[in-house]
Amino acid sequence: MQYSAPKGTFDIVPNPVKKEEGWKDSSLWNYIESVLKQTAHDFGYQEIRTPIFEQTDLFCRSSGDSSDIVSKEMYTFEDKGKRSMSLRPEGTAPVIRAFVDNHFQQSGSLHKLFYIGPFFRYDRPQAGRYRQFHQFGIEAIGDNSPYQDVEIIDLSLSIYKRLGIKNLNLLLNSVGDKDSRDNYKTALIKYLTPYEKDLSRDSQERLSKNPLRILDSKDSSDQKILAEAPSILDYLSKPAADHFDKACEILAKNGISFTITSKLVRGLDYYNQTVFEITSETLGAQSSIGAGGRYDGLLKELGGQDLPSMGFAAGIERILLTMKGQNTKIHETLKPTVYLIALGKEAEQATFSILCRLRSKKISAEMPFKTKKMQKSLQDASQKGFKYCAILGEDELSQNIIQLKNLETRSSENVPIDSIVSHLEKLSKACT
Ligand code: HAM
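A few points on the structure. Nothing here was measured: the structure is a model prediction, and the numbers come from that model.

## Concerning the overall build of the protein
When helices and strands are tallied, the protein shows 15 helices and 16 strands. Seen through its C-alpha atoms, the protein measures out along the principal axes to roughly 90 × 50 × 45 Å. With 432 residues in all, the protein has 48% of them scored as buried. When contacts within the protein are restricted to residue pairs at least 6 apart in sequence, those whose partners lie at least 24 apart make up 68%. Of the accessible surface of the protein, which amounts to about 22500 Å², a share of 49% is contributed by carbon and sulfur atoms. Each charge class in the protein was averaged separately, 58 positive and 56 negative side chains, and the resulting centres sit 4 Å apart.

What follows is the structure, encoded as structure tokens:
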């Protein structure tokens, strides 16, 4: 019996054998994660890690019972204590739960948090959509300034820029405050009701449960009907319109281009005011590479103070697929340094001591313990991405030298055995 990874999931492995699966290379994931962490750090965000599963009710309360996530995509199970638990489908509600649980509100006013990890949605798997996927998310709790909105958007765009991703679109909208949404819902229902029987089945259901979500419909007849639908932007209350105008003004003043998309409503119920989505044409159907928005009422809803909040999350698989589609050059920071080859029994012991000394100096080094042909060893070293290969045979040993080959430039030099460690130390410092 042979087992495969569950449908909609995949392994992240060193050097994937199939070329088209190169984006599942663990060294690439490490690189992306290091850029994400560094960017979060540069913007003043600190890491938070929450459990992979939470009480099911947390997601029902925050995302909304009629959201796709809660109504059909959650991995829900009863634990041995007969409690309903769910694998986390998203990160915002767990962060807010942890914020309350850990009494964060007692320590200062603004909290800027980030997270990286796996999330789970039982959806139809396809390119860019998985049942276990990974998100990098940020949440800023405690500030209602439009500058905070722009900081989040700027951080989001910065991660893609630092990774070398191009041609992204920033779609922006406001879903207003509660008054704005109530007035707009009434207008939308009034407009859509005469078309009810021409709407898709999903949209007919949403008309009474969650009419705003109809704006998200990809169905072509829904889209025709929606073309003339009223715009939420015409129903914003004065404070909501002022907030949105100010956020747009700050974005424009800082050279961040965006497209106002009045039909962008997002699939989770906790949003208010500014919402945004970043899309990549390289991704095809699943074009959303990241998305977020303001969710001012969620902390209070989950038992905390009434503090405003705003956040964003990017799909790491979608980052990697976009980079693959755009042939983005990767800065391989994790390339191993030196591959040691011992030729003969006597050389073996001396080579192993050099290996230990290199590692004690934090120089990445490897040595095969099985005897191989020299050509095969050199091939292995190149394949694994080593920069140098150091060869010690009987001849070299008698002369007290070691042969050092640069596998990138193909140049070669003889280095005294006693100084090989300090020599490689100098070379690896020069590279960083
Ligand atoms: P979301 O739009 O549901 O928002 O997900 C954010 C991003 O996660 C998407 O733009 C996409 O890149 C990625 N993603 C979502 N589902 C999948 C999937 N099945 N497979 C692969 N990638 C996926 C949220 O999750 C909010 N919590 C974001 C947020 C944070 N809002 C405020 N703070």
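## What about helix α11 (residues 316-325)?
Because an α-helix completes one turn every 3.6 residues, residues spaced three or four positions apart along the sequence face the same direction. Along α11, eight of the 10 residues are buried, which leaves the element largely enclosed by surrounding structure. Of the residues one or two after α11, Asn-327 is the one with positive phi, at around 50 degrees.

## Some details on the site of the ligand
Neighbouring the ligand are 25 residues, the closest being Glu-90, Glu-139, Arg-266, Tyr-271 and Ser-288. At a separation of 2.9 Å, an oxygen atom of the ligand approaches a polar side-chain atom of Arg-121. Backbone polar atom of Gly-315 to an oxygen atom of the ligand: 3.2 Å apart, as the coordinates give it. Burial of the ligand by the protein amounts to 95% of the accessible area it has alone, namely 660 Å². At the level of elements, β6 (132-141), β10 (288-294) and β11 (309-315) are the ones that each hand at least two residues to the shell around the ligand. Tallying contributions element by element places β10 first for the shell around the ligand, with six residues.

## Concerning helix α4 (residues 92-101)
Taking burial as the measure, the 10 residues of α4 include seven buried ones, the bulk of the element. Along α4, the residues that are buried comprise Thr-92, Ala-93, Pro-94, Val-95, Ile-96, Ala-98 and Phe-99. Looking at the buried residues of α4, the elements they touch are β2 (53-55), α2 (56-63), β5 (111-120), β6, α10 (298-301) and β11. Once α4 finishes, His-103 follows within two positions and takes phi at roughly 55 degrees, a positive value.

## Side note on the packing of α2 against α4
It is the contact of α2 with α4, at a shortest axis distance of 9 Å, that shows an interaxial angle of 110 degrees. Considering their axes alone, α2 and α4 lie roughly perpendicular with respect to each other. Listed contacts from α4 to Leu-58, Phe-59 and Ser-62 of α2 are Ala-93, Pro-94 and Arg-97. Grouping the constituent residues of the contact of α2 with α4 by class yields four nonpolar, one polar and one charged.

## With respect to the pattern of salt bridges
Under the counting rule described, the total for this entry stands at 26 salt bridges. The residue Glu-301 makes a salt bridge to Arg-61 at a minimum N-O spacing of 2.9 Å. Of the two residues, Glu-301 sits in helix α10 while Arg-61 sits in helix α2, which places them 240 residues apart along the sequence. We classify Arg-61 as partly exposed; its relative accessible area is 42%. The closest approach of N and O atoms between Asp-296 and Arg-294, which form a salt bridge, is 2.9 Å. For Arg-294, a relative accessible area of 0% puts it in the buried group.

## Here's the deal with the environment of Gly-303
Among the structural elements, Gly-303 can be located in the loop between α10 and β11. The exposure class assigned to Gly-303 is exposed, which follows from its relative accessible area of 57%. Considering only alpha carbons, one finds Gly-303 and Lys-224, 79 residues apart in sequence, at a separation of 42 Å.

## A look at the sheet that holds strand β9 (residues 272-280)
The pairing of strands in a sheet happens through backbone hydrogen bonds and is either parallel or antiparallel. Taken in spatial order, the eight strands make up an open sheet running β1-β5-β6-β11-β10-β9-β7-β8, and their pairing is mixed. The sheet terminates laterally at β1 (46-47) and β8 (259-260), the two strands that pair on one side only. For β1 and β5, the ladder comprises two bridges, and the chain directions are parallel. Looking at β5, one finds that Gln-46 is bridged to Leu-113. The strands touched by α4 are β5, β6 and β11; relative to β6, the strand with the most contacts, the crossing angle is about 45 degrees. Its contacts with the sheet put helix α9 (residues 238-253) on β7 (168-174), β8, β9 and β10, and the angle it makes with β7 is roughly 160 degrees.

## Details of the pairing of strand β15 (residues 401-406)
Most of β15 sits out of view: five of its six residues are buried. Pairing analysis gives four bridges linking strand β14 (residues 388-392) to β15, with the strands arranged antiparallel. Pairing of Ile-391 across the sheet is with Gln-403, part of β15. Direction of pairing for β15 relative to strand β16 (residues 412-416): antiparallel, over a ladder of five bridges. In the strand pairing of β16, Ile-402 is matched with Val-415.

## Details of the packing of aromatic side chains
Under the criterion given, the structure shown has 17 aromatic pairs. Three or more aromatic residues joined by ring pairs make a cluster, and in this case those are Phe-10, Trp-23, Trp-29 and Tyr-130. Across from the ring centre of Phe-119, 4.2 Å away, lies the NZ or CZ of Arg-88, which sits over that ring. The positively charged end of Arg-131 is found above the aromatic ring belonging to Tyr-122, 3.9 Å away from the centroid.

What counts and what doesn't
- Residues numbered from 1 in each chain as written.
- Predicted model: local features only at pLDDT ≥ 70, side-chain atom pairs only at ≥ 80, totals over all residues.
- Heavy atoms only, no water.
- Helix = DSSP H or I, 4+ residues; strand = E, 2+ residues; numbered from the N terminus.
- Buried < 20%, exposed > 50% of the residue type's maximum accessible area, 1.4 Å probe, protein only.
- Contact = heavy atoms within 4.5 Å.
- Areas by Shrake-Rupley, 256 points an atom, 1.4 Å probe, with all protein chains shown as cover.
- Lys, Arg positive; Asp, Glu negative; His and termini not counted.
- Charge placed at Lys NZ, Arg CZ, Asp CG, Glu CD.
- Near = heavy atom within 4 Å.
- Polar contact = N/O pair within 3.5 Å; in protein donor to acceptor, adjacent residues only side chain to side chain.
- Axes fitted to C-alpha atoms, helices over the stretch in contact; angles between N-to-C directions.
- Parallel < 35°, antiparallel > 145°, perpendicular 65-115°, else oblique.
- Nonpolar A, V, L, I, M, F, W, Y, C, P; charged D, E, K, R; others polar.
- Salt bridge = Lys/Arg side-chain N within 4 Å of Asp/Glu carboxyl O.
- Pairing = 2+ DSSP bridges.
- Phe/Tyr/Trp six-rings, centres within 6.5 Å; stacked < 30°, edge-to-face > 60°.
- Lys NZ or Arg CZ within 6 Å of the ring centre and 35° of its normal.

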